[in-house]
Amino acid sequence: MNPACSIILVDDHSLFRNGLKGLLEHCAGCRVVGEAASGEEFLAMLDGEIEADIVFMDFAMPGLDGAQTTERALARRPDLRIITLSMFGEESYYSRMVEAGARGFLLKDSDIDDVIEAIRTVMAGGSYFSPALLSSLAVRMRTRSDVPDEALSSREREILVAVCRGLSNQEIADELFISKRTVDKHRANILEKTGCKNTASLVVYAIRNGIVEL
């Protein structure tokens with residue numbers, strides 16, 4: 001079942017926008033309601049009455065880059081779900097996009113099935129990383145560590161791994177045979193201990209510290 005959502009495409013390459021738009025318009029429930037060739041154009045669009053659920057955001061654009069545009073867009077429309085579009089070799093920018101509030105990360109050569117899965121995941125409140133992107137990030141990030149491994153308890157690490165698998169708090173509770181309230185508390189503790197702001201930043205933390213195996 002395809003997700004029902006309205007989408008804005010932000011990318012400075014019209015050929016790529018047109019290609020992605022064509023693919024999305026063949027997916028039941030998906031409707032492209034706007035396009036922008038720059039961050040500035042997209043932000044001006046938000047000053048109007050346009051409404052959207054999902055924004056596919058290129059990182060490397062002239063003028064405002066994807067992170068700057070994401071920060072400003074979410075300050076105006078906190079309910080927007082922004083999915084970053086990128087190429088291999090741009091991993092150094094992902095932490096900036098996570099901090100800016102991006103909820104998904106897709107390679108530009110992803111299959112349409114991955115695109116639909118990303119939409120489904122972020123519409124459900126989760127974060128999505130292309131599998132190939134996660135593997136690349138893991139290689140680059142595991143040489144760095146934010147906090148000592150012992151900062152998290154064994155249960156917190158177990159829950160963090162489940163979060164990285166894309167499970168909701170209720171699904172984690174069912175899998176571990178504990179209450180959702182307990183998972184909520186553990187997750188709050190994990191965010192506080194790691195200094196992470198959201199699920200996407202937790203995924204990056206887990207990769208950086210070798211907590212998840214890819």
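Residues numbered from 1 in each chain as written. Predicted model: local features only at pLDDT ≥ 70, side-chain atom pairs only at ≥ 80, totals over all residues. Heavy atoms only, no water.

Draft legend 1. Broad picture of the environment of Ile172. Positionally, Ile172 belongs in helix H8 (residues 169-176). Linking Ile172 and Ala162, residues ten residues apart in sequence, is a C-alpha distance of 6.5 Å. (Helix = DSSP H or I, 4+ residues; strand = E, 2+ residues; numbered from the N terminus.)

Draft legend 2. Broad picture of the nonpolar core. Core analysis: the biggest nonpolar cluster contains 32 residues, and Phe105, Ile159, Leu160 and Ile172 have the highest contact counts within it. Every element with two or more residues in this core is listed here: helix H4 (94-100), strand S5 (104-107), helix H7 (154-164), H8, helix H9 (180-194) and helix H10 (199-208). In terms of residues, this core owes the most to one element, H10, which gives seven residues. In terms of nonpolar packing, the next biggest core, distinct from the first, is built from 19 residues, Cys5, Val115, Ala118 and Ile119 among them. (Core = buried A, V, L, I, M, F, W, Y, C linked by side-chain atoms within 4.5 Å. Buried < 20%, exposed > 50% of the residue type's maximum accessible area, 1.4 Å probe, protein only.)

Draft legend 3. Structural detail: the environment of Asp58. Note that Asp58 resides in strand S3 (residues 54-58). Between the alpha carbons of Asp58 and Ala37 there is a distance of 9.5 Å; along the sequence they are 21 residues apart. In this structure Asp58 touches Val10, Asp11, Asp12, Gly66, Leu85 and Lys108, once residues within four positions along its chain are discounted. A polar contact of 3.2 Å, which involves the side chain of Asp58, links it to the side chain of Lys108. (Contact = heavy atoms within 4.5 Å. Polar contact = N/O pair within 3.5 Å; in protein donor to acceptor, adjacent residues only side chain to side chain.)

Draft legend 4. Up close: the side chain of Asp65. Mapping Asp65 onto the fold places it in the loop between S3 and helix H3 (66-76). Under the relative-accessibility criterion, Asp65 is labelled buried at 14%. Here the side chain of Asp65 touches Gln68 through a polar contact of 2.8 Å, landing on its backbone nitrogen. Aside from chain neighbours lying at most four places away, what touches Asp65 is Phe59 and Arg96.

Draft legend 5. Representation of the pairing of strand S2 (residues 30-36) within the structure. Note: strand S1 (residues 5-10) against S2, six bridges, orientation parallel. Among the inter-strand pairings, Val10 is bridged to a residue of S2, identified as Ala36. Tracing the backbone out of S1, into helix H1 (residues 14-24) and back to the parallel element S2 gives a crossover that is right-handed. (Pairing = 2+ DSSP bridges. Right-handed = clockwise from strand over helix to strand, strands pointing away.)

Draft legend 6. Highlighting the sheet that holds S3. Taken together, six strands build an open sheet; the order of strands is S2-S1-S3-S4-S5-S6 and the sheet is parallel. Since the sheet does not close on itself, it has two edges, and those belong to S2 and strand S6 (128-129), each with one partner. Relative to S6, S5 is paired through two bridges, and the arrangement is parallel. Considered in S6, the bridge of Phe105 is made with Phe129. Contacting S1, S2, S3 and strand S4 (81-86), H1 runs over the sheet at an angle of about 165 degrees to S2. (Axes fitted to C-alpha atoms, helices over the stretch in contact; angles between N-to-C directions.)

Draft legend 7. Layout of the packing of aromatic side chains. This structure, assessed with the given rule, holds one aromatic pair. On the basis of an interplanar angle of 15 degrees and a centroid distance of 4.7 Å, the ring pair of Phe105 and Phe129 is categorised as stacked. With Phe105 in strand S5 and Phe129 in strand S6, this residue pair connects regions lying 24 residues apart in the sequence. The same class applies to Phe105 and to Phe129, which are both buried. The lysine or arginine in question, Lys108, covers the ring of Phe16, its NZ or CZ lying 4.9 Å from the ring centre. (Phe/Tyr/Trp six-rings, centres within 6.5 Å; stacked < 30°, edge-to-face > 60°. Lys NZ or Arg CZ within 6 Å of the ring centre and 35° of its normal.)

By themselves, these are just geometric observations and shouldn't be taken as functional.
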